[in-house]
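These are the residues of each chain, in order.
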Amino acid sequence: MDRNEILEGLRNEMVVLIEAMDFDNLYDTQNHLEKYFSLLEQLGDLPVPSSAPRHRRVDSEKKGEEGVFGEAHLKLGGAEIQDHHIFIPENLVRKLDIHEGDVVRASAVENRYVNGHTKTIYEYEVLDRSKRRNDSNRELVSFAQVDFDDTLKEYFIFSSEDLQDQVKIILSDHKMGNLTLHVGDIVDYAYWNDDILNGRVIWKHNFENGLFEPLPRGSLTEEIFIGSRVGIMGEGPRRDEFVSRIRQTHSELEFIREGNNYYQLEEIINGLDVVVVFIEEISQGDLKRIQDVARDIATEILYVKKAEVEELLDGVGAALQNQLYD
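Criteria and thresholds
- Residues numbered from 1 in each chain as written.
- Predicted model: local features only at pLDDT ≥ 70, side-chain atom pairs only at ≥ 80, totals over all residues.
- Heavy atoms only, no water.
- Helix = DSSP H or I, 4+ residues; strand = E, 2+ residues; numbered from the N terminus.
- Buried < 20%, exposed > 50% of the residue type's maximum accessible area, 1.4 Å probe, protein only.
- Contact = heavy atoms within 4.5 Å.
- Salt bridge = Lys/Arg side-chain N within 4 Å of Asp/Glu carboxyl O.
- Expected span 1.5 Å × (residues − 1).

Here's the deal with the overall build of the protein chain
Counting secondary structure elements, the protein chain contains 9 helices and 16 strands. For the protein chain, with 326 residues in total, the buried portion stands at 43%. Taking the intrachain contacts of the protein chain between residues at least 6 apart in sequence as the baseline, contacts between residues at least 24 apart amount to 66%.

Some remarks on the pattern of salt bridges
What the rule picks out here adds up to 16 salt bridges. Here Arg-129 ties to Asp-102 by a salt bridge, and the two come within 3.1 Å at their closest N and O atoms. Within this pair, whereas Arg-129 is found in the loop between strand E6 (117-128) and strand E7 (138-145), its partner Asp-102 is found in the loop between helix H4 (90-95) and strand E5 (103-114), the two being separated by 27 residues in sequence. Look at Arg-129 and you get partly exposed, because its relative accessible area is 36%. Taking the relative accessible area as the measure of exposure, Asp-102 reaches 0% and is therefore buried. For the salt bridge of Lys-288 with Asp-292, the shortest nitrogen-to-oxygen distance reads 3.6 Å. You can see Lys-288 and its partner Asp-292 sitting in helix H8 (residues 284-294), 4 residues apart, about one turn around the helix. Per residue, the accessibility class of Lys-288 equals that of Asp-292, and both read buried. Through salt bridges with shared partners, a single network forms among Glu-90, Arg-94, Arg-138 and Asp-188.

Focus: the environment of Arg-245
For Arg-245, the position within the fold is in helix H6 (residues 237-246). Accessibility expressed as a relative area gives 15% for Arg-245, which makes it buried. Taking the C-alpha atoms as reference, Arg-245 lies 8.1 Å from Leu-313; in sequence the two are 68 residues apart. Residues within four places of Arg-245 in sequence aside, it is in contact with Glu-222, Val-309, Glu-310 and Leu-313.

Notes on helix H9 (residues 309-323)
For H9, built from 15 residues, the straight-helix expectation of 21 Å at 1.5 Å per residue is met to within 8% by its first-to-last C-alpha distance of 22 Å. Residues of H9 that are buried include every one of Val-309, Leu-312, Leu-313, Asp-314, Gly-315, Val-316, Gly-317, Ala-318, Ala-319 and Leu-320, and no others. The elements touched by buried residues of H9 are strand E13 (229-233), H6, strand E15 (274-278) and strand E16 (300-304).

Encoded structure:
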């Protein structure tokens, strides 16, 4: 393979990385692109021969004919449309909220020449939601915080916050895939249900200010809540406890339903003072959309995994108080 062929293959792989880039994987994508550029700089001594074929768009009339659909089967990272062996990347599994057994259509939109082979790029659409979405053998440890073992010189997470049941999971290099991890990162770890120690990290979350952490009890008065507009996203008993308590402060509450698109969320949140998101009680697609909106607006968003009601109330009060000085 000559220099132009190598360039073409690497360039197409870089395009794939860039098109999959979002704010959640921004820094990892940057690291990978820098490695590609470093490799390209070392190709100067290779001979210069004929060019390689470039990627091409699939003809729009032919695109519909090439569309296929089938049930999605979750893999440790991403999913696959069964019978057709078409892979769905993890970021799209989350964006489209794809679950085991959902019927998904894949339509070819482009062919690319990558590493000497033609690769087809697809658009995906969920046609039908499965009623047996919990049948997958894939299990998740969600929103785990990365730590470092100084003795083993390895990163690790715990499978749970329950001290009696938690398992320490060492994150060796092959379990991190192409992600770059640091202490304090919040990740999702997938594994087959009978083999928790041999899974892999499939997602690194990007919470602008981290997850909500209880503050030392201060001297806040409930007067600061009067007339405030507080958004709440997520459903479940923890939310219900918090709602019962914050109603007593005479705040105006806005319950943000699931399934809003970016622009709907932006319009809703722009009119609020603080938003409380119960991250374990909403879909991954909704979480990603609200994170995208959060980067473009000034409203403070509290991502809550665990907190007592009074601790969370103090956190909302502190956020409201901070706005007085902005």
